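Examining the three-dimensional arrangement
The lines below spell out each chain.
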Amino acid sequence: MNTQFLPKLTSIIAGTVTMTVSLIIPPKAEAIVYGLKSRAIDSDPFSAPPTNLYSFEEDGSSFTNFGALTLGGSSIDADGLAINNLGNLFGFRLTASGSTLISINPGISEINPIGSLLSGRQIRGAVFENNDLWVIDSNNNEVLRINPNDGTIIGIPQQLTLNGSPYNLSSTSDIAVDTNNLFYLISSSSLLSLNITTAELSFINTIGTSGYAGATFSDNGNDDSLFLYDISFRDDIFETDVNTLTNSFNSGNSVPLSSKSSSGL
């Protein structure tokens, strides 16, 4: 899950998929998972308001629903949840026109836009590596570096490739970085490693039969444990060892909000 253990289950799932997510866990802090959960729809961009911010302990206890995120008093659609080294939450407001970086304060429904609209982009996953904010755009199948201070793109967006060919991201996708600064990408049920410099992907394996929309590593648990958010008919959290590909169900980690939704960890 993105650099944080917030349900980065934010990416999104459409059609018959119940929800998408992005997960993140606050670095080197208590194991609290934050997530975004939006309403799923059957057409592009595959999610819609309202988007709820929620949290729970890594063991699945102490679930808290902070309610719907708003802008100017109106609910919004959001994804690409990420947390920086100071424990500040960021995400992206999604509209049909594109995505806008936002800051999020748990307990305060009103979000704060940062910078201008990234036109034509659907940011479905985000993660901090140190002070760098990396995101994936499912509209253009690119990985980008974003300035967290003004929401602008740093450098040149990179086209995601697999075996030298362009890679098409699922609308349910996310990126995560482990404690060794190795990047991973989850696209539906496919797990891949990501060279953040070249945007070249390497296929690792298919993880189970579920569709995942959020992914994150915990700074408090096994360094190889990747937490995944399942949006296929149930809102459960799974834990996968990226070396052995052992997939275990965290029975306590479910998200008891409305089932028809998309979200981001």
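Residues numbered from 1 in each chain as written. Predicted model: local features only at pLDDT ≥ 70, side-chain atom pairs only at ≥ 80, totals over all residues. Heavy atoms only, no water.

To continue, consider unusual backbone geometry. A negative phi angle is the norm for most residues apart from glycine, just as the trans form is the norm for most peptide bonds. In this structure, the amide linkage connecting Pro49 to the following residue, Pro50, adopts the cis form with an omega of 0 degrees. With respect to the helices and strands, the residue Pro50 is situated in strand E2 (residues 47-57). Even without being a glycine, Asn141 presents a positive backbone phi close to 55 degrees. What makes Asn141 buried here is its relative accessible area of 12%. Its identity as a non-glycine residue notwithstanding, Asn181 has a phi of 65 degrees, on the positive side. (Helix = DSSP H or I, 4+ residues; strand = E, 2+ residues; numbered from the N terminus. Buried < 20%, exposed > 50% of the residue type's maximum accessible area, 1.4 Å probe, protein only.)

Once that is clear, we can look at the nonpolar core. Generally speaking, nonpolar side chains in soluble globular proteins are found buried as a group. Leu160, Tyr167, Leu185 and Leu201 are the most contacted members of the largest nonpolar core, which has 17 residues in total. For this core, the secondary structure elements donating two or more residues are strand E12 (132-137), strand E17 (173-177), strand E18 (183-187) and strand E19 (190-194). Beyond its immediate sequence surroundings of up to four residues, Leu160 is in contact with Asn141, Glu142, Val143, Ser165, Pro166, Tyr167, Leu169, Leu185, Leu194, Ala199 and Leu201. (Core = buried A, V, L, I, M, F, W, Y, C linked by side-chain atoms within 4.5 Å. Contact = heavy atoms within 4.5 Å.)

Attention now moves to the packing of aromatic side chains. If you walk through the whole model with that rule in mind, you get five aromatic pairs. When the centroid spacing of 5.8 Å and the interplanar angle of 25 degrees are considered together, the rings of Tyr54 and Phe63 count as stacked. Classification of Tyr54 as buried rests on a relative accessible area of 0%. Ring centres of Tyr184 and Phe217 lie 5.5 Å apart, and the angle between their planes is 55 degrees; this geometry places the pair in the tilted category. Separated by 33 residues along the polypeptide, Tyr184 in strand E18 and Phe217 in strand E21 (residues 212-217) bring together distant segments of the chain. Across this residue pair, the class does not change: Tyr184 and Phe217 are buried. (Phe/Tyr/Trp six-rings, centres within 6.5 Å; stacked < 30°, edge-to-face > 60°.)

A large share of strand E23 (residues 236-241) lies buried, amounting to five of its six residues. Strand direction decides the pairing type here: strand E22 (residues 225-230) and E23, joined by six bridges, are antiparallel. Along E23, the bridge assignment pairs Tyr229 with Ile237. (Pairing = 2+ DSSP bridges.)

So, on to the sheet that holds E19. Pairing between the strands of a sheet comes from backbone hydrogen bonds, and it takes one of two forms, parallel or antiparallel. If you walk across this open sheet you meet the six strands as E16-E15-E20-E19-E18-E17, and the pairing is mixed. The strands lining the two open edges of the sheet, one partner per strand, are strand E16 (165-166) and E17. With two bridges joining them, strand E15 (residues 161-162) and strand E20 (residues 200-206) adopt parallel strand pairing. Counted as the bridge partner of Thr161 is Glu200 from E20.

Read across the open sheet, the four strands follow the order E11-E12-E13-E14; overall the sheet is antiparallel. Strands with a single pairing partner mark the edges of an open sheet, and in this sheet they are strand E11 (123-129) and strand E14 (153-159). Strand after strand, the sheet turns through a mean of 20 degrees between neighbouring axes, direction not considered. For E11 and E12, the ladder comprises six bridges, and the chain directions are antiparallel. Note on E12: the bridge partner recorded for Gly125 is Ile136. (Axes fitted to C-alpha atoms, helices over the stretch in contact; angles between N-to-C directions.)

For the chain, per-residue confidence averages 80 on the pLDDT scale, and residues scoring 70 or more make up 74% of the total. Predicted confidence is poor over residues 1-20, with pLDDT under 50, and the contacts of this stretch with residues over four places away or in other chains come to 200 contacts. A low-confidence stretch, residues 257-264 stays under pLDDT 50, and its non-local contacts, those more than four residues away or across chains, total 65 contacts. (pLDDT = per-residue confidence, 0-100.)

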